[in-house]
Amino acid sequence: MNTAHGSPSTPHVFVRPAAAIDALTIGILQADAMTEALAASVGDDLDGEIAARVNPNVFADAWLRAITEPPSPAHGVFVAVEDGELVGFAAVAPLQVEGADVGANGIRPAANKPAGETAECTLEATESAHGPEPAARGTFDTTMGAEEPTSEPEAEIIALEVAAAHRRRGHGSRLLASLVDECRQRGIRLLSTWCLAEDDARTVFLNSAGFAPTGMRRILAAGEATLTLHRWHTTL
């Protein structure tokens with residue numbers, strides 16, 4: 001090996017299904033990503049009480065249940081590993097038409113409503129079979145781009161996060177590829193997710209991965225601040 005310029009060896013990277021022992025690290029990664037996303041969206045307007053609810057230990061408990069007691073075989077949690085260190089994770093679940101959707105940052109409204117209506121939104125750091133939910137309260141608005149019902153099996157990306165120090169190394173793409181493989185094995189042909197309007201990096205990633213915006217959005221109140229999410233989807 002040529003070490004004249006101190007070139008590091010190629011890191012050993014891979015994706016595998018999550019195990020119970022991964023739950024705490026996943027909880028920490030989720031809390032870090034959620035804090036980063038909220039700060040980027042609302043800046044100094046982030047409510048202190050909301051920030052305090054972003055608790056990695058609570059998230060870890062929820063992810064442990066999601067990993068060890070998945071609601072169905074179509075629910076999946078995967079982790080990205082680099083040189084033995086867990087550096088990212090992703091989760092997918094079948095879309096529950098009659099239930100609440102969960103966004104890529106863990107945002108779950110309390111109920112779905114037809115276009116043009118609003119509903120109370122509970123964004124708590126509480127336990128869920130899908131993983132943790134963030135700490136905020138508000139409403140969501142589906143006034144833009146209500147989607148036509150489809151008979152195609154559809155799944156949603158619940159989370160896809162990579163530690164800040166390990167981004168731009170292909171971990172996100174490998175995690176997404178694992179989710180896609182899992183969906184295809186289950187006969188799922190549509191995959192969707194929600195993305196914060198201010199999350200430019202995720203928007204670029206989704207676009208490069210073949211996702212497209214549906215025109216549907218959600219507006220959420222987090223304390224005194226407002227968050228806007230856009231729905232993206234792709235055909236597998």
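Our subject is the structure that appears above.
These notes cover the structure that comes with them. As a convention, each chain's residues are numbered from 1 in the sequence order in which they are written. The predicted origin of the model limits local features to residues at a pLDDT of at least 70 and limits the giving and counting of side-chain atom pairs to 80 or more, whereas totals for whole chains, interfaces and linings rest on all residues. Values reported for side chains reflect all heavy atoms of the structure, with hydrogen atoms and water molecules removed beforehand.

**A closer look at the overall build of the protein chain**
Convention followed: Where helices and strands are cited, they refer to DSSP runs of H or I of at least four residues and of E of at least two residues respectively, numbered from the N terminus. Buried means the residue's accessible area, taken with a 1.4 Å probe over protein chains only, is under 20% of the maximum for its type, while exposed means over 50%, and partly exposed covers the values in between. Here a residue-residue contact requires only that any non-hydrogen atoms of the pair lie within 4.5 Å.
When you go through the protein chain residue by residue, the secondary structure sums to five helices and nine strands. When its helices and strands are written in sequence order, the protein chain yields β-α-α-α-β-β-β-β-β-α-β-α-β-β. A total of 236 residues make up the protein chain; the buried ones form 46% of that total. Of the contacts made within the protein chain by residues no fewer than 6 positions apart, 70% connect residues no fewer than 24 positions apart.

**Notes on helix H3 (residues 56–68)**
What counts, and what does not: One fewer than the residue count of a helix, multiplied by 1.5 Å, yields its expected span. This arc is built from the directions going out from the helix axis to the C-beta atoms.
With 13 residues, H3 ought to run about 18 Å at 1.5 Å a step, and its terminal C-alpha atoms sit 18 Å apart, in line with that. If you check which residues of H3 are buried, you get Phe59, Ala60, Ala62, Trp63, Ala66 and Ile67. Taken end-on, H3 shows its buried residues confined to a sector of 165 degrees, consistent with a single buried face. For H3, the elements touching its buried residues are helix H1 (23–42), strand E2 (76–82), strand E3 (85–94) and strand E6 (154–162).

**What about H1?**
Helix length check: H1, at 20 residues, gives a terminal C-alpha distance of 28 Å against a target of 28 Å (1.5 Å per residue), a fit within 8%. Where the residues of H1 are buried, they touch H3, E2, E3, E6, strand E7 (190–196) and strand E9 (225–235). One or two residues past the end of H1 sits glycine 43, with phi positive at roughly 60 degrees.

**Let's talk about the packing of aromatic side chains**
For any pair of aromatic rings, geometry is given as the distance between the ring centres together with the angle between the planes. Defined as follows: Stacked, tilted and edge-to-face are the three classes assigned to paired rings of Phe, Tyr and Trp, where Trp is represented by its six-membered ring and a pair needs centres within 6.5 Å; plane angles under 30 degrees give stacked, over 60 edge-to-face, the rest tilted.
If you walk through the whole model with that rule in mind, you get one aromatic pair. When the centroid spacing of 5.3 Å and the interplanar angle of 75 degrees are considered together, the rings of tryptophan 63 and phenylalanine 89 count as edge-to-face. A residue pair is termed long-range when its members are at least 10 positions apart, and tryptophan 63 in helix H3 and phenylalanine 89 in strand E3 qualify at 26 residues. Each member of the pair, tryptophan 63 as well as phenylalanine 89, carries the same accessibility label: buried.

**Side note on unusual backbone geometry**
A positive phi angle, near 50 degrees, is found at aspartate 83, a position not held by glycine. Accessibility expressed as a relative area gives 53% for aspartate 83, which makes it exposed. One non-glycine residue, arginine 168, lies in positive phi territory at about 65 degrees. Considering the arrangement of structural elements, one finds arginine 168 in the loop between E6 and helix H4 (171–185). The class for arginine 168 is exposed, based on a relative accessible area of 85%.

**Observations concerning the pairing of E6**
Note the threshold: Any two strands between which DSSP finds at least two bridges are classified as paired. Seen with the strands pointing away from the viewer, any crossover whose path from the first strand over the helix to the second strand runs clockwise is right-handed.
Of all nine residues in E6, nine are buried; the element is thus mostly enclosed. By the bridge criterion, seven bridges tie E3 to E6 in an arrangement that is antiparallel. Note that in E6 the partner of glycine 88 across the bridge is valine 162. Here three bridges tie E6 to E7, and the two strands are oriented parallel to one another. Within E7, the residue paired with glutamate 154 across the bridge is leucine 190. Where the polypeptide runs from E6 across H4 and back to E7, its parallel neighbour, the crossover connection is right-handed.

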